[in-house]
Amino acid sequence: MKTLISVFFILAACAGTHAQEDAAPFPFFADAGAPFAEAADAEPATSVALAASAERVPAGGEFSLLVKISLRPHWHVYWKNPGEAGMPLSVEWRDVPAGVEFGEWRWSAPKFYELMGIGSYVFEDAAYVEIPVKLAPGVPAGTALKLAGTASWLACDDDGCYPQDAEIEASVAVAPAGEAAVPANAGLFAEARRTFPRRGETRAEFRAGADGAPELVVARKNGEPLDAHARFFPEAQKFSVAAASVVPAIEADGAARFALPLNEGETLADARELAGVLTDGDGNAFEISPGEILAASAVPAADVPAPAASAAPEFSFDLAFLGALAAAFAGGLILNLMPCVFPVLGLKIMHFVGKAGAEKSSIARHGFVFGAGVLASFWALAGVLVALRSGGEQLGWGFQLQEPAFVYGMIVLLFVFGLSMSGVFEFGVGATSVGGGLQEKSGYAGSFFSGVLAVIVATPCAAPFLAPALGSALTLPAGPSFALFTAIAVGLAAPYVLLSCAPSLLKFLPKPGAWMETFKQAMAFLLYAPALYFVWVLMGQIEDAFAQRDLLISLAFVALACWIYGKWAVAWRPRATRVAGTLAALAVFAGTLIYAGTLLGEKKSEEWIPWTPEAQARALDAGKIVYVDFTARWCTTCQVNKRVYSDETLRAAFRDAGVVTMRADWTNRNATIAAELRKYGRAAVPVNVFLKKGEAPVILGELFSGPGTVLDGLAETENPAAAATR
């Protein structure tokens, strides 16, 4: 749940020679937006300007651009790693002249900012970013380079955040090659560089902590010790923002050792990802560069992986994957012990014997052809999955599990398969007749299709073993996916091939009997366990306690449908009874799924509906109270406010009043949302508003003191008289 975002696009274009008063002493300094009026409290006092380090630069030479953001007290903007909330400066350059190449940005040293547990890395008073520029030797002398673009940044105080953008521009003349550059704005660049972290004054080592978490050990090259006031700001966002709050352990030589927590699910792929900025208690800042860490790393070079050439995950046939192949092979073998497979094992071998007569080599060939049919079936399944992935489906269990409907479907699927294996009903008995004509073909074609049929018959019993294989196939590259399915196929086909080579071994097979049913029922628990896991996942996604209750009860009706089918749709019942039993089971099953679908739909409706003017108007016309939350991921105050929405009292009040909750997400800018905010006289986040047709909007305060802030707003909305005196 999120609080309202108030957002307003502020376009300030005063490019060229018009200069801000404090920039006047510096030529070639392009002002990109005058300060906002002091009386405009709803707008932040920030401005951005662009300066060049030279008036003239020879072809093939280098110079720098400097972006400066000036702020009034109590305002802040964000570093290149903003932390848990925020948005750093960006520049979209337009019509960059040929022969101009931009280098890596250099930023001022950040500070740590925290608002009610949400941490960010910020600048206060002023922020500087230096951008190196290199000219190609072929740029013609006399060219006037005009470098222009749109700067975007986020300015915040404790009450709200204002996304900003402004036009910036600077001009530099190109001198003939070999001519000396004519510098400009030396004082401004000197001022900025005093805020930059110093380079080359530290040595850094990567170490693996006792718990496997990365540790960074930093020491000053001049031997001066660091103390417990030192702080480290990582450039990579994979580290928790708590990294900037870590108090280092000071070692005997004065080095500071930081145990850096990673965000959940993140791993350190390369020691160079520990690059960042170190600050000490005396106001000094030091740049910890990637090359610095690599050069002094305590990790052997072979253990430091090189940066990946692409984002695709690498795969290696390691011991873990070999273990997975062994488990898949064992699963294929176990399939032969299922009641739907084992009884026909001996019969199938004797069928091969009958086809080939007494010629042992021919019997063995039939066995191998049968195995080829099994392999072809599993390869076809693997091929379909690989084709879907390569076609852009990008399948993956993690993404699907974000959908409650998919999770509920998995629960039902595993539950139904488990009930079948427990003996409540028989699933797949009719499969033995599928393709009967093909398997009775003479010669090797009949043996091949017998292998295909064996896979079809085994499918109802294969769920405990195929599920992991399917899950892996959706995430592994094509080669390993095929290898996994091949292992299952070889396991299923191995007894047939072995017995066709030595039919005399049939006498050692145990006789079919009641033990097979017991074994099948025991295997059902391999399905009930993951079904219960998915129940746990679903309960975390469904927040309404009554919906949770009814979804759990719905599983009892699923079981009832299976029981009806197993009781009255079995083969030995009269046809009329079978038809009636099947229809009754389908009616109960379909009705259960339809009702469960409404519960899942209610869950979605209780979430925040995406805001649009049309959706808001429809809800108001229907007589509903609408609560709109304008929000953005970069809004620190929004992240703090949204915690109140988990309060059960507030949730119950929303349900009782029939409040329609909508979210206007302005993480990416949206002119429609900005226009809506202007209707409320706001230009900053957060803004939270209750709407009721025919009544004035009730706008809440910026920072919630608790659920009571929202409850009071709801009470005023329900009581227009109270709202009028507000």
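Structure report, in brief. (Residues numbered from 1 in each chain as written. Predicted model: local features only at pLDDT ≥ 70, side-chain atom pairs only at ≥ 80, totals over all residues. Heavy atoms only, no water.)

The pairing of strand S18 (residues 231-234) with strand S21 (residues 276-279) spans 4 bridges and is antiparallel. Looking at the pairing, Arg-231 lines up with Thr-279 of S21. Here S21 runs beside strand S22 (residues 285-288); their pairing, made up of 4 bridges, is antiparallel. Counted as the bridge partner of Leu-278 is Phe-286 from S22. (Pairing = 2+ DSSP bridges. Helix = DSSP H or I, 4+ residues; strand = E, 2+ residues; numbered from the N terminus.)

Next up on the list: the environment of Phe-425. Along the polypeptide, Phe-425 turns up in the loop between helix H7 (404-421) and helix H8 (436-439). Taking the C-alpha atoms as reference, Phe-425 lies 8.6 Å from Ile-564; in sequence the two are 139 residues apart. Every residue in contact with Phe-425, bar those within four places of it in the chain, is listed here: Val-416, Leu-419, Ser-420, Cys-562, Tyr-565 and Gly-566. (Contact = heavy atoms within 4.5 Å.)

Overall, mixed pairing links the 5 strands, which are arranged S23-S25-S24-S26-S27 in an open sheet. Bordering the open sheet on either side are strand S23 (609-610) and strand S27 (698-699), each of which pairs with just one other strand. Where S23 and strand S25 (residues 660-665) come together, 2 bridges link them in parallel fashion. Paired with Pro-610 across the bridge in S25 is Arg-663. On top of the sheet, helix H19 (residues 707-718) reaches strand S24 (626-631), strand S26 (687-691) and S27; it is set at about 30° to S26, its chief contact. (Axes fitted to C-alpha atoms, helices over the stretch in contact; angles between N-to-C directions.)

Take H7 next. Because an α-helix completes one turn every 3.6 residues, residues spaced three or four positions apart along the sequence face the same direction. In this model H7 runs 26 Å from its N-terminal to its C-terminal C-alpha over 18 residues, within 8% of the 26 Å that 1.5 Å per residue would give. Most of H7 is tucked away, with 14 of its 18 residues classed as buried. One or two steps after H7, the chain reaches Gly-423, where phi turns positive at roughly 95°. (Expected span 1.5 Å × (residues − 1). Buried < 20%, exposed > 50% of the residue type's maximum accessible area, 1.4 Å probe, protein only.)

A word on unusual backbone geometry. Excluding glycine, residues mostly have negative phi values, and the peptide bonds linking residues are mostly trans. At His-74, a residue that is not glycine, the phi angle is positive and equals roughly 75°. Mapped onto the secondary structure, His-74 falls in the loop between strand S5 (62-71) and strand S6 (76-83). Backbone geometry places Asp-125, a non-glycine residue, at a positive phi of 70°. Residue position: Asp-125 is located in the loop between strand S11 (118-124) and strand S12 (126-135). By relative accessible area, Asp-125 is classed as exposed at 52%.

Another aspect to go through is the nonpolar core. Ranked by size, the top nonpolar core spans 43 residues in total, and within it Phe-63, Leu-65 and Trp-153 carry the most contacts. For this core, the element with the highest residue contribution is strand S14 (residues 161-175), accounting for 6 residues. Dropping the residues within four chain positions of it, Phe-63 is found in contact with Ser-53, Ala-54, Val-57, Ile-131, Pro-132, Val-133, Leu-135, Leu-147 and Val-172. Residues Cys-161, Trp-611, Phe-630 and Met-662 belong to the second largest nonpolar core, which totals 34 residues. (Core = buried A, V, L, I, M, F, W, Y, C linked by side-chain atoms within 4.5 Å.)

Attention now goes to the packing of helix H17 (residues 648-657) against H19. Where H17 contacts H19, the two axes come as close as 10 Å, and the packing angle between them is 20°. By the angle between their axes, H17 is roughly parallel relative to H19. Along this stretch, H17 crosses H19, giving a crossing that reads as left-handed. Contacts between H17 and H19 involve Thr-649, Leu-650, Ala-653, Phe-654 and Ala-657 from the former and Pro-707, Val-710, Leu-711, Leu-714 and Glu-718 from the latter. Here the contact of H17 with H19 is composed, by residue class, of 8 nonpolar, 1 polar and 1 charged. (Parallel < 35°, antiparallel > 145°, perpendicular 65-115°, else oblique. Left-handed = near helix turned anticlockwise from the far one by under 90°. Nonpolar A, V, L, I, M, F, W, Y, C, P; charged D, E, K, R; others polar.)

Residue position: Thr-202 is located in strand S16 (residues 202-208). Filtering out sequence-adjacent residues up to four positions away, Thr-202 remains in contact with Val-218, Ala-219, Arg-220, Lys-221, Phe-286, Glu-287, Ile-288 and Glu-292.

With respect to the element layout, Ala-376 can be found in helix H5 (residues 360-393). With a relative accessible area of 29%, Ala-376 lands in the partly exposed category. Residues Ala-376 and Ala-489, 113 residues apart in the sequence, show an inter-C-alpha distance of 8.7 Å.

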